[in-house]
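# An overview of the molecular structure
Below are the chains, spelled out letter by letter.
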Amino acid sequence: MHELQNFIGGTFRPPREDRWYTSDDPASGQPGTRMPNSTESDVNDAVDAAAAAFTTWSKTTLQDRSKILLLIAAGIEAQLEAFAVAESEDQGKPISVARQIDIPRAIHNFRYFGQHILTETESVSYGVPQHMSYTRKMPAGVAALISPWNLPLYLLTWKIAPCLAYGCTCVCKPSEFTSRTASMLCQVLKDAGVPDGVVNMVFGDGPSAGQPLIEHPQVPLISFTGGTVTGKRIYERAAACVKRLSLELGGKNAVLVFDDADFAKLIPTVVRSSFSNQGEICLCGSRLFVQRGVYERFVAALTEATRQLRVGHPADAATQMGPLVSKPHYEKVLGYIELAKQLGGTIVTGGHPVTVPGYESGYYLAPTIITDVDPSSRICQEEIFGPVITICPFDTEAEALRYANDSMYGLSACIWTSHLSRAHRVAAAIQAAYVWINCWMVRDLTMPFGGMKGSGLGREGGQDSSHFFCESKTICLAE
Ligand code: NAD
């Protein structure tokens, strides 16, 4: 079993109270990693270390921070394979996904912000006669960075990289289901020259380690990625101290397929947007709406392609879908498949566990396509976050938009059409914060990223990260 320690003030140490949390190895269903189940006293130590480090880190130059971020990127890159293996074992994702997506993207997060901060400028205005006004962006303080289990290092570094770039220090609380690569990152940070206390890592579950962190009075900003229910709780708690929040929450993303879509391009991409990472990506499209003229053809083609997907052990290079992350999550997803049956849905393919020889207790599930369900039913409204999609037909553009927008969520959407003006019209009308036209999961880190409606609050990426991690101050000078 792997064993982790907290990382506070530049040292690895056990929790103050002898409390531990054990996460499963999802491929075998056996215990996988033991980590501190940190409590308020550990969080207090970590915040104290981050607050002490802030006094010097916030005054370092952009050039010095840029250099360190680029060294961190190189440090992860030098150990890409070790990080990929740990991520795959911990989360259940196929090793190919960890190698080609998760870890390269974590490297890119540091490299992107390391370069982006060198383009920072301050604005000056002479709008009032005999006066000059200018802005200064001041690092906002100690940030709480809380991340989920689906893309562990990828999403944690999406927070740490801009936090460091803009001069803040942080206490991170990775998901208790997937903490291994976060722990490995601590040594890379040390080796890259990140001063002690600038990044601190406390492990453990939400109530024990996360809650005291978000409530800590010396933590003025919280960047949280996770479920909408947790996000709402954090929003309520943060209100008491008027904390600055970035909430990247759940989704139930619509995919609209019009009858003029390019089928050859569409099917392989929709297989990915449905089932990549076992469907455990917040940006996966799980509600598919297909124009009636191509509905039967689409369902048949997608079903055939889905049946080719190979479910297997995550370490096997041929595996395209590994196990789900944990037993409770696996049971939740199976519960939704039962619900679909009760609602009269047709399970076109999948809908059952998969047995991988030698790993009979792992959390493997066949990729599942469901039809004949009402777009307003629970199966089409609630986030399942697994390899389960629904497909419903529509007749007109207005009907497609009505279905897409009939959701409490508003994270992302995909539009498949060859009709240029329709693509732009529907993209403008759809209630989602990131819209892909004839593609999926293409991320430009300069662009704002976040969610509408129940999918979140605020945006991060490029300039938006600067707005989040900095206080903007206006200074007015009489001539
Ligand atoms: P979760 O909300 O259960 O947990 C997320 C993190 O919050 C974990 O680290 C957890 O320990 C912590 N936490 C839980 N309760 C807490 C509390 N009271 N105070 C402080 N921290 C607490 O979510 P999850 O199950 O880990 O992740 C899946 C969810 O994340 C899905 O809803 C998915 O859509 C969402 N997600 C969103 C995005 C996005 O960019 N919008 C990206 C990935 C995942």
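Keep in mind it's a predicted model, so treat the numbers as computed, not measured.

Turning our eyes to something else, we now look at the site of the ligand. Around the ligand, 27 residues are found, and the nearest of them are Lys 173, Glu 176, Thr 230, Leu 249 and Glu 383. A distance of 2.6 Å is found between an oxygen atom of the ligand and a side-chain nitrogen or oxygen belonging to Lys 173. Between an oxygen atom of the ligand and a side-chain N or O atom of Glu 383, the distance comes to 2.5 Å. Bound to the protein, the ligand loses 90% of the 840 Å² it would expose on its own. The site holding the ligand turns out to be the largest pocket. Elements represented by at least two residues in the shell around the ligand include exactly helix H7 (206-215) and strand S11 (221-225). If you tally residues by element for the shell around the ligand, the top one is H7, at three residues. Per-class residue counts for the shell around the ligand are 11 nonpolar, 12 polar and four charged.

A word on the UniProt feature "active site" (unreviewed entry) in the protein. Sites flagged by UniProt as "active site" (unreviewed entry) map to Glu 248. Looking at where Glu 248 falls in the secondary structure, it is placed in strand S12 (residues 244-248). By relative accessible area, Glu 248 is classed as buried at 4%. The contacts of Glu 248, once residues within four sequence positions are left out, are Trp 158, Lys 159, Phe 224, Thr 225, Gly 226, Phe 449, Ser 455 and Glu 460.

Let us look at the layout of surface pockets. In this model, the largest pocket occupies a volume close to 870 Å³. As for the largest pocket, its lining consists of 33 residues, and the residues nearest its centre are Trp 149, Phe 224, Gly 226, Gly 227 and Thr 230. Looking at the lining of the largest pocket, its residues break down into 14 nonpolar, 13 polar and six charged. Its volume calculated, the second largest pocket comes out at about 360 Å³. Of all elements in the fold, only helix H2 (62-78) and strand S7 (131-139) reach the threshold of two or more residues within the lining of the second largest pocket. It is S7 that provides the largest number of residues to the lining of the second largest pocket, a total of four residues. Split by residue class, the lining of the second largest pocket holds six nonpolar, four polar and six charged.

Below, the discussion takes up the sheet that holds strand S1 (residues 2-3). Reading across from one edge, S1-S5-S4 is the order of the three strands in this open sheet, with mixed pairing throughout. Both edges of this open sheet fall to S1 and strand S4 (20-25), since each of them pairs with a single strand only. Here two bridges tie S1 to strand S5 (residues 30-36), and the two strands are oriented parallel to one another. Each bridged residue has a counterpart across the sheet, and for Glu 3 the counterpart in S5 is Arg 34.

With that settled, the discussion passes to the UniProt feature "domain: Aldehyde dehydrogenase" (unreviewed entry) in the protein. The UniProt entry lists residues 21-475 under the feature "domain: Aldehyde dehydrogenase" (unreviewed entry), expressed in the numbering used here. Secondary structure within residues 21-475 divides into 43% helix and 22% strand; the distance between the first and last C-alpha atoms comes to 49 Å.

For Gln 130, which is not glycine, the phi torsion reads 60° and is therefore positive. Counting through the fold element by element, Gln 130 comes out in the loop between strand S6 (124-125) and S7. Residue classification places Gln 130 among the exposed positions, given a relative accessible area of 58%. The backbone phi angle of Lys 453 is positive, close to 50°, even though this residue is not glycine. By the element assignment, Lys 453 lies in strand S22 (residues 452-453). Lys 453 sits in the partly exposed class, given a relative accessible area of 37%.

This next bit is on the side chain of Ser 223. Position of Ser 223 relative to the elements: it lies in strand S11. In this view, Ser 223 contacts Ala 144, Leu 145, Ile 146, Lys 159, Ser 246, Glu 460 and Phe 468; residues no more than four positions away in its chain are not counted.

The three strands lie next to each other as S6-S7-S25, forming an open sheet whose pairing is antiparallel. At either margin of the open sheet sits one strand with a lone partner, and together these are S6 and strand S25 (470-478).

What follows is about the confidence of the model for the protein. Summarising the model, the protein shows a mean pLDDT of 97, and 100% of its residues fall at 70 or more. This complex was scored by the predictor with a pTM of 0.97 and an ipTM of 0.98.

Another point: helix H9 (residues 263-275). Taking 1.5 Å of rise per residue, 13 residues should cover 18 Å, and H9 covers 18 Å from first to last C-alpha, within 8% of that figure. When H9 is considered as a whole, its buried residues turn out to be Phe 263, Leu 266, Ile 267, Thr 269, Val 270, Val 271, Ser 273, Ser 274 and Phe 275. On its buried side, H9 packs onto strand S13 (253-257), strand S14 (285-291), helix H10 (292-307), strand S16 (368-371), strand S17 (388-394) and strand S19 (412-416). At the N-terminal boundary of H9, the capping side chain belongs to Asp 262, with an oxygen 3.2 Å from the backbone nitrogen of Ala 264.

We now examine the nonpolar core. If you look at the biggest cluster of nonpolar residues, it comprises 96 residues, and the most contacted ones within it are Ile 72, Phe 298, Leu 302 and Ile 391. Among the elements that make up this core, the one with the highest residue count is helix H5 (residues 152-165) (10 residues). Excluding residues that lie within four positions of it along the chain, Phe 298 makes contacts with Val 257, Phe 263, Leu 266, Ile 267, Val 270, Leu 288, Val 290 and Ile 391. Among the nonpolar cores identified, the runner-up in size contains 30 residues, and Phe 258, Tyr 330, Ala 413 and Ile 430 belong to it.

According to the stated counting rule, one finds 12 aromatic pairs in the structure shown. Arranged with centres 4.8 Å apart and planes meeting at 45°, the rings of Phe 7 and Phe 12 form a pair that is tilted. For Phe 7, a relative accessible area of 4% corresponds to the buried category. What links up through ring pairs into an aromatic cluster is the set Tyr 112, Phe 113, Trp 158, Tyr 434, Trp 436 and Phe 449. If you follow Arg 297 out to its NZ or CZ, it ends over the ring of Phe 263, 3.9 Å from the centre.

Within S14, seven of the seven residues are buried, which leaves the element mostly enclosed by the surrounding structure. One ladder, built from five bridges, connects S13 with S14; its direction is parallel. Pairing of Leu 256 across the sheet is with Phe 289, part of S14. One crossover worth recording links S13 to the parallel S14 by way of H9, and it is right-handed. Note that S14 and S17 share five bridges and pair parallel. The residue bridging Leu 288 from the neighbouring strand is Ile 391, located in S17.

Parameters and conventions
Residues numbered from 1 in each chain as written. Predicted model: local features only at pLDDT ≥ 70, side-chain atom pairs only at ≥ 80, totals over all residues. Heavy atoms only, no water. Near = heavy atom within 4 Å. Polar contact = N/O pair within 3.5 Å; in protein donor to acceptor, adjacent residues only side chain to side chain. Areas by Shrake-Rupley, 256 points an atom, 1.4 Å probe, with all protein chains shown as cover. 1 Å grid on protein atoms, 1.4 Å probe; cavity = no way out; pocket = protein on both sides within 12 Å on 5 of 7 lines; lining within 4 Å. Sits in = over half its atoms within 2 Å of the grid points. Helix = DSSP H or I, 4+ residues; strand = E, 2+ residues; numbered from the N terminus. Nonpolar A, V, L, I, M, F, W, Y, C, P; charged D, E, K, R; others polar. UniProt positions renumbered as here; feature names shortened; annotations may be inferred. Buried < 20%, exposed > 50% of the residue type's maximum accessible area, 1.4 Å probe, protein only. Contact = heavy atoms within 4.5 Å. Points joined across faces, edges and corners; volume = space filled by probe spheres on them. Pairing = 2+ DSSP bridges. pLDDT = per-residue confidence, 0-100. Expected span 1.5 Å × (residues − 1). Core = buried A, V, L, I, M, F, W, Y, C linked by side-chain atoms within 4.5 Å. Phe/Tyr/Trp six-rings, centres within 6.5 Å; stacked < 30°, edge-to-face > 60°. Lys NZ or Arg CZ within 6 Å of the ring centre and 35° of its normal. Right-handed = clockwise from strand over helix to strand, strands pointing away.

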